[in-house]
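Spelled out, the chains give:
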Amino acid sequence: MVGTVATYGAQDHLLLHRVKDPGEWLSVVNWDTGDLRQLEQSAHEGYVDTSVMCFLPFGNIVGIMQGGVSAPSHRALASWLSGIGIFPNTQFEVRPVVAHAEVEQLKTASGASRVEVKIMANKMGSLRERQGGLARSLRAAGEAYGEISVTMILSIPKKKKLKDHRELLLADLAEISDVVTGAERARARLVYTDPGGPEHTRLVELVEHNITAKKRVPATDSDGNSIRIVSAVDAILAAAVENEDALRLAVDVGDS
């Protein structure tokens, strides 16, 4: 990873680059002729995939736009920040911001009949002080087998006498909600009981409701000059303004 700074609008923004391996097969196609030409790297040059990253002025939030599917993601940012040693002996964690409404579903449900969670090894430390059964089970698997990812599925049959079990499972999930929203996978079948009405369920995908925005990013201006970075910064900051209320709510930061 290589980090550089792009200054635009009197603000500094991070460009994080993934250096392509010299052995990667890169080619250029001529659209007029269909001819392919292989790209060969010289000893003092290389090719990179780039992501634009803008640090917002509230909530410790960073907006990210990847230049391609293999460009650095939020996980790469965490690794890079930890690796450059800004704060010695500190491991950074960058995780997606999940829409507040989805997490709030845990507070309005009466129980959970099914929970599926996939936790990567680097998340296990976040469970160290949690006392619920779900946290203990995930932690025990990590402690028994070392640096592994753990996928756990808990399912409680739909029986009235198991109502207490569903309530307990919901409570255990709520206890680690801040951890599972940054997990590889986290979904739950929540149970709702309406007064005087029948019991019903709803599937909640906790990590599938990240706050995202689609934006058009022009690559060149009217004169053919590259404006990719400027366009990406403008798009990220515009999306941040449009979603500011949701972002502040998600990270529990009040109005400015």
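Let me sum up the structure you'll find in this document. Every residue gets a number counted from 1 within its own chain, in the order that chain's sequence is written. Predicted model: local features are reported for residues with pLDDT of at least 70 only, side-chain atom pairs are reported and counted for 80 or more only, and whole-chain, interface and lining totals are derived from all residues. Where side-chain values are given, they derive from all heavy atoms of the structure, hydrogens and water being excluded.

Topic: the sheet that holds strand β6 (residues 62-66)
Note on pairing: DSSP must find at least two bridges between two strands before they are called paired. Every helix listed is a DSSP run of H or I at least four residues long, and every strand listed is a run of E at least two residues long, numbered separately from the N terminus. Taken in spatial order, the 4 strands of this open sheet run β1-β2-β5-β6, and their pairing is antiparallel. The strands lining the two open edges of the sheet, one partner per strand, are β1 (2-8) and β6. The mean inter-strand angle of the sheet, taken between neighbouring strand axes irrespective of direction, is 25°. As paired strands, β1 and strand β2 (residues 11-19) are joined by 7 bridges and run antiparallel to one another. Residue pairing for β2: V5 is matched across the bridge by L14. Residue contacts are counted whenever heavy atoms from the two residues lie within 4.5 Å of one another. For helices, the axis comes from a line fit to the C-alpha atoms of the stretch in contact; other axes are also lines fit to C-alpha atoms, and the angle between any two N-to-C directions lies between 0 and 180 degrees. Of the strands in this sheet, β1, β2, β5 (48-55) and β6 are in contact with helix α1 (residues 74-84), which crosses β2 at around 100°. Along the sheet, helix α6 (residues 228-242) makes contact with β1, β2, β5 and β6, crossing β5 at roughly 40°.

Thoughts on the sheet that holds strand β9 (residues 185-193)
The antiparallel open sheet is built from 4 strands, whose spatial order is β8-β7-β9-β10. A single partner strand is all that each edge strand has here, and the edge strands are β8 (150-155) and β10 (199-205). On average, each strand axis in the sheet is tilted by 10° relative to the strand beside it, whichever way the strands run. The sheet contacts of helix α3 (residues 133-145) involve β7 (111-119) and β8, and relative to β8 the element is tilted by about 145°. On the sheet, helix α4 (residues 163-175) packs against β7, β8, β9 and β10 and is oriented at approximately 35° with respect to β7.

Description of the packing of aromatic side chains
Geometry of aromatic contacts follows a simple scheme: Phe, Tyr and Trp rings, the Trp one being its six-membered ring, pair when their centres are within 6.5 Å, and the pair is stacked under 30 degrees between planes, edge-to-face over 60, tilted otherwise. Inspection of the entire model under this criterion finds 1 aromatic pair. For the pair F87 and F92, a centre-to-centre distance of 6.1 Å together with 45° between the ring planes defines the contact as tilted. Cation placement over rings: the criterion is NZ of Lys or CZ of Arg within 6 Å of the ring centroid and within 35° of the ring normal. The ring of F58 carries R248 above its face, with NZ or CZ at 4.1 Å from the centroid.

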